[in-house]
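Overview (structure and organization)
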Amino acid sequence: MENPDNSTRCPWCGTDPLYVAYHDREWGRPERDPHRLFELLCLESFQAGLSWITVLRKREAFRAAFHGFRPGVLASWDEADVARLLQDPGIIRHRGKIEATLRAARAFLQIEAAEGFSPFLWSFVGGAPLVNHPASMAQVPASTPQSEAMSKALKARGFSFVGPTITYAFMQAAGLVNDHLAGCPSR
């Protein structure tokens, strides 16, 4: 499948320079840093019901508002911090998603102390990226048994806004799954 710019890049990123750079430099690259994984999972949670480009365009504002998504900082935030964030026009101002991020920070700290957040997440794919071979976007699933298991486990640990579709998008973005289309230069 070709893009409007005649490249063989995955077509979902279109031609928006920010989206193309994200596709080419980040999406699908295996990430193992627990703090980067936490940030990405939180941002994917904010994406629920929206387009990823919306979150991507606000990513720097999110990083500033959430103090770099440092779980140790966010875990201590309270209602006053939620109220402050709800006034920040640079982010997606959704009370449920903001509160979910603060709960996720507390859950992250527990998982990190017990087994490590990165090994916990990577365990759902056996520690190595699952490499799929989709020829078209129609062959890319919205969720998988692995994303369903991850979703269930994250919810059991205190996360929310992490349904199987969100966790699959996270797995793709964090490189736990390689869903770059056949022929894509980033594959």
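Look up: the structure comes first, before these words.
Residues numbered from 1 in each chain as written. Predicted model: local features only at pLDDT ≥ 70, side-chain atom pairs only at ≥ 80, totals over all residues. Heavy atoms only, no water.

It is worth spelling out the overall build of the protein chain at this point. Scanning the protein chain for helices and strands turns up 9 helices and 2 strands. Each helix (α) and strand (β) of the protein chain, taken in turn from the N terminus, gives the series α-α-α-α-α-α-α-β-α-α-β. For 187 residues, the compact-globule estimate of 2.2 N^0.38 gives 16 Å, and the protein chain sits close to it at 16 Å. Here the C-alpha coordinates of the protein chain stretch approximately 50 × 35 × 25 Å along the principal axes. Burial statistics for the protein chain: of 187 residues in total, 49% are counted as buried. Sequence-distant contacts, at least 24 apart, represent 66% of the contacts inside the protein chain between residues at least 6 apart. In the form shown here, the protein chain has an accessible surface area of approximately 8600 Å², with 54% of it arising from carbon and sulfur atoms. In the protein chain, 20 side chains carry a positive charge and 19 a negative one; their mean positions are 2 Å apart. (Helix = DSSP H or I, 4+ residues; strand = E, 2+ residues; numbered from the N terminus. Rg over C-alpha atoms; globule rule 2.2 N^0.38 Å. Buried < 20%, exposed > 50% of the residue type's maximum accessible area, 1.4 Å probe, protein only. Contact = heavy atoms within 4.5 Å. Areas by Shrake-Rupley, 256 points an atom, 1.4 Å probe, with all protein chains shown as cover. Lys, Arg positive; Asp, Glu negative; His and termini not counted. Charge placed at Lys NZ, Arg CZ, Asp CG, Glu CD.)

We now examine the layout of surface pockets. The computed volume of the largest pocket comes to approximately 380 Å³. Taken together, 20 residues line the largest pocket, and the ones lying closest to its centre are Trp12, Trp27, Gln47, Ala169 and Gln172. Secondary structure elements with two or more residues in the lining of the largest pocket: α1 (17-25), α2 (34-47) and α9 (164-173). Among the elements that take part in the lining of the largest pocket, α9 stands out by supplying 5 residues, more than any other. Tallied by class, the residues present in the lining of the largest pocket amount to 14 nonpolar, 4 polar and 2 charged. Put simply, the second largest pocket is a space of about 270 Å³. In terms of lining residues, the second largest pocket is bounded by 13 residues, among which Glu26, Glu31, Arg36, Leu40 and Arg59 are the most central. (1 Å grid on protein atoms, 1.4 Å probe; cavity = no way out; pocket = protein on both sides within 12 Å on 5 of 7 lines; lining within 4 Å. Points joined across faces, edges and corners; volume = space filled by probe spheres on them. Nonpolar A, V, L, I, M, F, W, Y, C, P; charged D, E, K, R; others polar.)

Moving on, we come to unusual backbone geometry. With a phi angle near 45°, histidine 67 is a residue other than glycine that sits in the positive phi range. Tracing the backbone shows histidine 67 in the loop between α3 (52-65) and α4 (71-74). Since its relative accessible area comes to 38%, histidine 67 is described here as partly exposed. The phi dihedral of phenylalanine 161 falls on the positive side, at around 55°, and the residue is not glycine. Structurally, phenylalanine 161 can be placed in the loop between α8 (145-157) and α9.

To continue, consider the packing of aromatic side chains. Inspection of the entire model under this criterion finds 13 aromatic pairs. Aromatic side chains phenylalanine 62 and phenylalanine 66 sit 6.1 Å apart centroid to centroid with 25° between the ring planes, which places their arrangement in the stacked category. Assigned by exposure class, phenylalanine 62 and phenylalanine 66 land together as buried. An aromatic cluster of at least three residues, connected via ring pairs, comprises Trp12, Tyr19, Tyr22, Trp27 and Trp52. Geometry around tryptophan 122 places arginine 32 over its ring, the cationic atom sitting 3.8 Å from the centre. (Phe/Tyr/Trp six-rings, centres within 6.5 Å; stacked < 30°, edge-to-face > 60°. Lys NZ or Arg CZ within 6 Å of the ring centre and 35° of its normal.)

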